[in-house]
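Residue-level listing of the chains:
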Amino acid sequence: MSVKLQTPIDYLKGVGPNRADLLRSELGIHTYQDLINLFPNRYIDRTKYYKINELQRNNAEVQVVGVITGFREVAQKRGKRLVADFKDETGTMELVWFRGQKWIRDSLKIGKPYVIFGKTNWFSGKYNMAHPEIELQSNHDSNLRSAMQAIYPSTEKLSNKGITNRVITKIMQQLFIETKGQFVETLSDSIKGELKLISKSDALFNIHFPKSPELLSRAQFRLKFEELFYIQLQLILKNLIHKSKIKGFPFDKVGNYFNTFYNEHLPFELTAAQKRVLKEIRQDLGSNAQMNRLLQGDVGSGKTIVAFMSMLMGLDNGFQCCLMAPTAILSAQHYNGLLELCKPLNISISLLTGSSKTSERKEIHKNLENGSLQILVGTHALLEDKVKFKNLGLAIIDEQHRFGVAQRSKLWHKNTSPPHVLVMTATPIPRTLAMSVYGDLDISVIDELPAGRKPIKTVHRYDNNRLKVFKFMKDEIAKGRQIYIVYPLIQESEKMDYKDLMDGYESISREFPMPEYQISIVHGKMKPADKDYEMQRFANGETHIMVATTVIEVGVNVPNASVMIIESAERFGLSQLHQLRGRVGRGAEQSYCILMTSHKLSQDSKTRLETMVRSSDGFEIAEVDLKLRGPGDIMGTQQSGVLNLRIADIVKDKDILQQARYYAKSVLKIDPSLGLPEHKTILNTYRQMHKYRNIWNYIS
Ligand code: ADP
Ligand code: MG
């Protein structure tokens, strides 16, 4: 049975080589198995027929019975279209074809009753339907109609080539005939019993051909659960195997560096959350397993000091450590900050970026290899093959979403044995998503900001209030504060965006003239050295205003900057807005975030702006963002492939995800090797998935 499901789709009756090629290229369907797993997008009621005078201007898919009264060819810009007049006893409409006109013309008969099905359009005072599914009523009646007819995913090419939903439904029926609708069970009896799940065969039948709404919803639940269960099982297993197989360097002592820093040089009292996270990291580093931990903490929550103290644990045990950041600016900022902390401890630290001079590089390479360099900070440049450590013990990656999984693993291979890895991110990924995306990492969260921070006051202002905003800026500058003004930079409209930025810069320059006011500008088209120079001037307090595109989004720290003005705020995503706002509120002063927009706002934009004004909680904001945008757009999830889910939806099915994770964990807890007889089904399914690499569609 299970062998049969791997049969190439070409062998299914009614498919043939041409259709098989299309199914492969358009839908990725290679085998019977792939076809059975082509789940419908939705269901429509094919027992309902509309009269033409009942149609509404809502582009709905409808089914109408009527006769064709005549054909016309209408010339259009390119080629011509074929139009048929179609009428029932209540009115007339048009059927339209842009392709395949000769064949259609020849095969359709005037005056015979047909059933048409498709989307209606309202055009020039009349309804029409382009490329309808069309069938003689006499044939139509002989087929069983369902009130829940599956509608499958399709592509333009498929429908152009005549592989309509009806064709897919037919070959699906054929598949059920050839397999007798019998499919191997994939979940254990106990899980099925506890969750009262229907069998795999029943679920597959009812997902494609629902017998009742109740059975359809049970089929959906079962298939979603199964999909999420095996993903979680895979992630948890990976983690377990990792922990047991991959030996880490045990950092078993807490020594001089750590203690001296903690007792004598700590610049502030750590927050309870920072202490807790340090303990978690300490525990990992002290065990025999390699640490692979994600540190989540909202902007300004103080991840850097945690990173530094973790590195001290490494140094205390005679290892080197590195910190990698996504941009040159950020790396330099980290380097400068850490340099101050390293000085009193006599720790050697260097910075390596793409623009490091050859002589500096040589020096760094040498000192890394002989072990005299203890901490290396830098960009992607750290990943170059020439960069070899004597004994790298801990690698820290800041702002994870800019780096892919591949890069993480590259760091691993900088040594004979992989170093401990700490990944830090300020993008607060909701836990539900984090556990499905980063299930292979352990997660620590800094969920508390250092004491004494004043919450940032966030307001929404329309463009026509700009004069008031300028006045406010002048008042703040008079108090000695600095200001960011950020413009959107969205790939598709790059040219327009630069124009907006330059126009904005000009009008700001007019409003804030030199020499009284000094303005910096930073954007993506500048040379890195010029960017650094401008950033530095702003950081040193030499300029009052920083006009920028989102290049400053990540990480920069200028505590004296207390106002963040975001232009065209409606064009930014929520996480981005939150990240940008996090650039202020780092000093003791009251900080402000001003969201500038035009009056024209979509519903989603309004929700985003309201959320920003109402909340400063990164996790709450991320949840709203996830609801608005879906998981695919959340930074850092693209490469993880969460979008490739066949039937479950990480956002909507979060409760099922939780259940799936719970069951996957409980199974592995009592039976980590899946060797028990009652887990045989699970083991077989898991192996099968690996064999046919299905699971790698999800996780790579
Ligand atoms: P992020 O988590 O965004 O990387 P940083 O590590 O840059 O945050 O910290 C933000 C600011 O807060 C820095 O100026 C840092 O010195 C300060 N800071 C960090 N921890 C504390 C603390 N426990 N008490 C007071 N200030 C802190
Ligand atoms: Mg940071």
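The rules we used
- Residues numbered from 1 in each chain as written.
- Chains lettered and ligands numbered in written order.
- Predicted model: local features only at pLDDT ≥ 70, side-chain atom pairs only at ≥ 80, totals over all residues.
- Heavy atoms only, no water.
- UniProt positions renumbered as here; feature names shortened; annotations may be inferred.
- Near = heavy atom within 4 Å.
- Polar contact = N/O pair within 3.5 Å; in protein donor to acceptor, adjacent residues only side chain to side chain.
- Nonpolar A, V, L, I, M, F, W, Y, C, P; charged D, E, K, R; others polar.
- Pairing = 2+ DSSP bridges.
- Helix = DSSP H or I, 4+ residues; strand = E, 2+ residues; numbered from the N terminus.
- Axes fitted to C-alpha atoms, helices over the stretch in contact; angles between N-to-C directions.
- Contact = heavy atoms within 4.5 Å.
- Disulfide = S-S within 2.5 Å.
- Buried < 20%, exposed > 50% of the residue type's maximum accessible area, 1.4 Å probe, protein only.
- Salt bridge = Lys/Arg side-chain N within 4 Å of Asp/Glu carboxyl O.

- An unreviewed UniProt entry annotates the chain as ATP-dependent DNA helicase RecG of Winogradskyella echinorum.
- The chain has a UniProt comment under Sequence similarities (unreviewed entry) that states "Belongs to the helicase family. RecG subfamily."

Brief notes about the site of ligand 1
1) Next: Neighbouring residues of ligand 1: 16 residues in total, closest Q274, G300, K303, T304 and R453.
2) Next: The side chain of Q274 places a nitrogen or oxygen atom 2.9 Å from a nitrogen atom of ligand 1.
3) Next: With respect to ligand 1, the side chain of T304 contributes an N or O atom lying 2.6 Å from an oxygen atom.
4) Next: When the residues that make up the shell around ligand 1 are grouped by side-chain class, the tally is four nonpolar, seven polar and five charged.

What to know about the sheet that holds strand β20 (residues 561-566)
1) Next: Pairing in this open sheet of six strands is parallel, and the strands run β16-β21-β20-β17-β19-β18 from one edge to the other. What marks the edges here is a single partner per strand, and that holds for β16 (457-462) and β18 (519-522). Pairs of neighbouring strands in the sheet enclose a mean axial angle of 20 degrees, with direction left out of account.
2) Next: Taken together, the four bridges between β18 and strand β19 (residues 545-548) define a ladder with parallel strand orientation.

Side note on the sheet that holds strand β15 (residues 442-446)
1) Next: Read across the open sheet, the seven strands follow the order β11-β12-β10-β13-β14-β9-β15; overall the sheet is parallel. Strands with a single pairing partner mark the edges of an open sheet, and in this sheet they are β11 (349-352) and β15. When the angles between neighbouring strand axes are averaged without regard to direction, this sheet yields 20 degrees.
2) Next: Taken together, the five bridges between strand β10 (residues 320-324) and strand β13 (residues 392-398) define a ladder with parallel strand orientation. By the bridge assignment for β13, C322 is matched with A395.
3) Next: Where helix α13 (residues 328-342) meets the sheet, its contacts fall on β10, β11, β12 (375-378) and β13, and the angle it forms with β11 comes to roughly 175 degrees.
4) Next: Each of β10, β11 and β12 is contacted by helix α14 (residues 358-370), which is oriented at about 130 degrees to β11, the strand it contacts most.

Focus on the state of the cysteines
In protein structure, a disulfide is the covalent linkage between the sulfur atoms of two cysteines.
1) Next: Throughout the structure, instances matching the rule amount to zero disulfides.
2) Next: In this model C321 remains outside any disulfide bridge; the closest cysteine sulfur is found in C322, 7.8 Å from its own.

Considering the pairing of strand β14 (residues 420-425)
1) Next: Within β14, six of the six residues are buried, which leaves the element mostly enclosed by the surrounding structure.
2) Next: Side-chain alternation along β14 places H420, L422 and M424 on one buried face and V421, V423 and T425 on a second face that is also buried.
3) Next: By the bridge criterion, five bridges tie strand β9 (residues 292-297) to β14 in an arrangement that is parallel. Note that in β14 the partner of L295 across the bridge is M424.

A few points about the pattern of salt bridges
1) Next: Per the stated rule, a full pass over the model turns up 30 salt bridges.
2) Next: A salt bridge links R42 to E61; the shortest N-O distance between them is 2.7 Å. Here the residue R42 occupies a position in strand β1 (residues 42-44), and E61 occupies one in strand β2 (residues 61-75), the gap between them amounting to 19 residues.
3) Next: By relative accessible area, R42 is classed as partly exposed at 35%.
4) Next: For E61, a relative accessible area of 26% corresponds to the partly exposed category.
5) Next: Among the ionic contacts, a cluster of salt bridges with common partners joins E185, K192, K200, R222 and E226.

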